[in-house]
Amino acid sequence: MKKLIIALILLALAGGGFFWWKASDKNDGVRILSTEKIEHGPVSKVLEETGIIKSQVGGIVKIGARSTGTIDRMLVKVGDRVEAGQLVARIDNRELVAQANEARARLASARAERDRIAKVYPLRIAEAQAALDLAEARAAYSRNNYLRQQSLVAERVISTDELEKARQQADIDTSQIRVNRSALEREQEDFVQEFSKAKLAVEQSAAALSALEIRISYTNVKSPLAGTVSQVTAQEGETIVAGLQVANLVTVLDPTRLEMWIYVDETDVGLARSGQPVEFKVDAYPGRTFDGAIATIYPEPEIRDNIVYYRALVEIDPEQAELLRPEMTTQVQIVVEKLENVLRLPNAALKWVDGKQVVFLQRADGGIDQTSPKLGLAGLTHSEVLEGLTEGDNVATQVELSQQTEKKNKP
C-alpha cells in the first residue's frame, strides 16, 4: 500500500511537470535582446509625405529692362544682398536725356506763351471796356443834346438842319456802343480760347516731358524687393532690345519668404485638413526638425509618375526660412491626431505570432510572458495602450526566435 502511494505521488509530480512544460512551451526558444519600459507620453498619428521648398508668390522676382540700349553698368553679382529700390543696373540713356531737354524747352516756351496771354488779354479787355464806357457816355450826351435841340427848334431858336444833325450824331453814338460791346465780347471770348489753348499746350508739353522722364527711369534698373541676387543674365556692354517680352537682367529672391508644397497621396488626402501641424526634415540638416501648419489644400489634383497627388501649402516662418533654400526636398509628417500623456507602447514591441500581434514581457525573475494588449491610437513610433499592460512593464523591443518557433509563426 505504501509503495502504491509513493508511485501515485511520483506520477502526480511528473504530470505537473509535463503540464508546466506544455504551458511554457509557447515561449520556448524566445530570447529577449532589448527591452523598453511602458510609460506615459504623447502618441501621434501622422501621414508621411514628400514636400518641396518653394519661394512664395512675390518672394522671387525677375528684374527686366523696359528700355532698349546698351548696359552701361551692372552693379551686382550673384550672392549680393540688395535692398528694395536699390540700383542694380544702368542702361545708356544719352539719347533719351537729349529728348528730355528738348521737351523741357518746349514746355518752357508753352508756359511763356500761356503767361503772355494771361497778361496781355486782360489789358486788351480793359481797353475794350474803356472804349465801351466812352461810347456809352457819348451816346448819352448825344441823346440829351438831341432832346434839347428839339425844344430849341420848337422855340425857333435853331433850325431843323441842326436838329437833324443832332439826331444823326445820337444814332451814330448809339451804334458805336454796339460796336464797342461786340469788340469787348470778342476780346473776352478770345482770351478764354487762347488761354485754354495755351494751358493745353503746357499740359501736352509737360506730359511729353513726363513720358520721357519715365522712359529715362527705365534705364535705371532697381530691385523691387529686398533679398539676395540669385541670377545675373546680362553683363556690361551687352545690348538689350525691349520688345513684347521684357528682357530679364537680374533675379532677386527674398530668402525669408518661403513656403512648402506637400504632395499628399490621394489615399491620404481624406485625413489631411487645413490647420494641422506639420513636422519636416531636410537632408541639409539631418538632426533638425522644422515645423509649420497646413494653410490650405488645393482642390485641383496633380499627377506625377501616374500617381494622383493633392498639393498642401505650408507657410514657413522667416526664422526657419533663413536655413532653407528653394527646391529643397523635405520628408514631411502631417500630425493627423495627437494624444498627450497616455499609456503608450513602442511599436517595435509588437510581434506577429500565430497570425496575431503579441507582446513579450520580461518578468523580474527573468521569465518571459506573452500577451495581446488592447490598443487605441496607432502612432508612427508608439501606440496607445487601453488594456493588458501597465506602466513600468518591461516589453521586448528586439527578440530572437528559434528556428522551430519561426517556422511555427510563419503563415
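Here's a quick rundown of the structure. Here the residue numbering is sequential within each chain, running from 1 through the sequence in written order. Per-residue local features of the predicted model are confined to residues with pLDDT of at least 70, and side-chain atom pairs are confined, for both listing and counting, to 80 or more; whole-chain, interface and lining totals are unaffected and use all residues. Excluded from the side-chain calculation are hydrogens and water; included are all heavy atoms of the structure.

### A closer look at the sheet that holds strand β3 (residues 60-65)
Going by this rule: DSSP-based pairing: two strands are paired if at least 2 bridges between them are found. Counting from the N terminus, the helices are the DSSP runs of H or I reaching at least four residues and the strands are the DSSP runs of E reaching at least two.
Read across the sheet, four strands follow the order β3-β10-β8-β5 without closing on themselves; strand pairing throughout is antiparallel. Edge strands, defined here as strands with exactly one partner in the open sheet, are β3 and β5 (81-82). Pairing between strand β8 (residues 227-232) and strand β10 (residues 247-253): four bridges, direction antiparallel. Its bridge partner lying in β10, threonine 228 is registered against leucine 253.

### Looking at the sheet that holds strand β4 (residues 69-74)
The sheet built from four strands is open, its strands ordered β7-β6-β4-β9 with antiparallel pairing. Edge positions in the sheet fall to β7 (220-222) and β9 (239-240), since each has one partner strand and no second. Looking at chain direction, β4 and strand β6 (residues 87-91) are connected through three bridges and run antiparallel. Considered in β6, the bridge of isoleucine 71 is made with isoleucine 91.

### Focus on the nonpolar core
The line we're drawing: For the purposes of this section, nonpolar cores are sets of buried Ala, Val, Leu, Ile, Met, Phe, Trp, Tyr and Cys residues that join through side-chain atoms within 4.5 Å. For every residue, the accessible area (1.4 Å probe, protein chains only) is compared with the maximum for its type, and the residue is labelled buried under 20%, exposed over 50%, or partly exposed between those bounds.
Residues Met260, Ile262, Val278, Phe280 and Leu324 are the most contacted members of the largest nonpolar core, which totals 19 residues. Breaking this core down by element, the ones donating at least two residues are β2 (39-55), β11 (258-265), β12 (277-282), β13 (290-304), β14 (307-315) and β15 (329-346). The element that contributes the greatest number of residues to this core is β11, accounting for four residues. Counting residues in each nonpolar core, the second largest holds 18 residues, with Ile71, Val88, Ile91 and Val250 among its members.

### Section: helix α2 (residues 94-154)
Since one α-helical turn is 3.6 residues long, residues separated by three or four positions face the same way. Threshold: The span one expects for a helix is its residue count, reduced by one, times 1.5 Å.
With 61 residues, α2 extends 90 Å between its outermost C-alpha atoms, agreeing within 8% with the 90 Å of an ideal straight helix rising 1.5 Å per residue. Backbone geometry just after α2 places arginine 156 at a positive phi near 60°.

### As for the pairing of β2
As defined by bridge partners, β2 adjoins β15 across 13 bridges and the pair is classed as antiparallel. By the bridge assignment for β15, isoleucine 52 is matched with threonine 329. The sheet contact formed by β2 and β11 spans six bridges and is antiparallel. By the bridge assignment for β11, glycine 51 is matched with isoleucine 262.

### Structural notes on the pairing of β4
As a general feature of sheets, a regular strand has side chains that alternate between the two faces. Pairing analysis gives two bridges linking β4 to β9, with the strands arranged antiparallel. By the bridge assignment for β9, threonine 70 is matched with threonine 239.

### Here's the deal with unusual backbone geometry
One non-glycine residue, aspartate 305, lies in positive phi territory at about 55°. Structurally, the position occupied by aspartate 305 is in the loop between β13 and β14. Notably, asparagine 341 is not glycine yet its phi reads approximately 50°, a positive angle. Along the chain, asparagine 341 turns up in strand β15. For asparagine 341, a relative accessible area of 58% puts it in the exposed group.

### Details of the side chain of glutamate 187
Applicable threshold: Within 3.5 Å is the distance limit for a polar contact, defined as a pair of N or O atoms, with the added protein rule that one can donate a hydrogen and the other accept it, and that residues adjacent in sequence qualify only through two side-chain atoms. Contacts between residues were defined by any pair of non-hydrogen atoms, one from each residue, lying within 4.5 Å.
Secondary-structure assignment places glutamate 187 in helix α3 (residues 160-218). Polar side-chain contacts of glutamate 187 include one of 3.3 Å to the side chain of arginine 124. When sequence neighbours within four positions are dropped, the list of residues in contact with glutamate 187 reads Tyr121, Arg124, Ile125 and Ala128.

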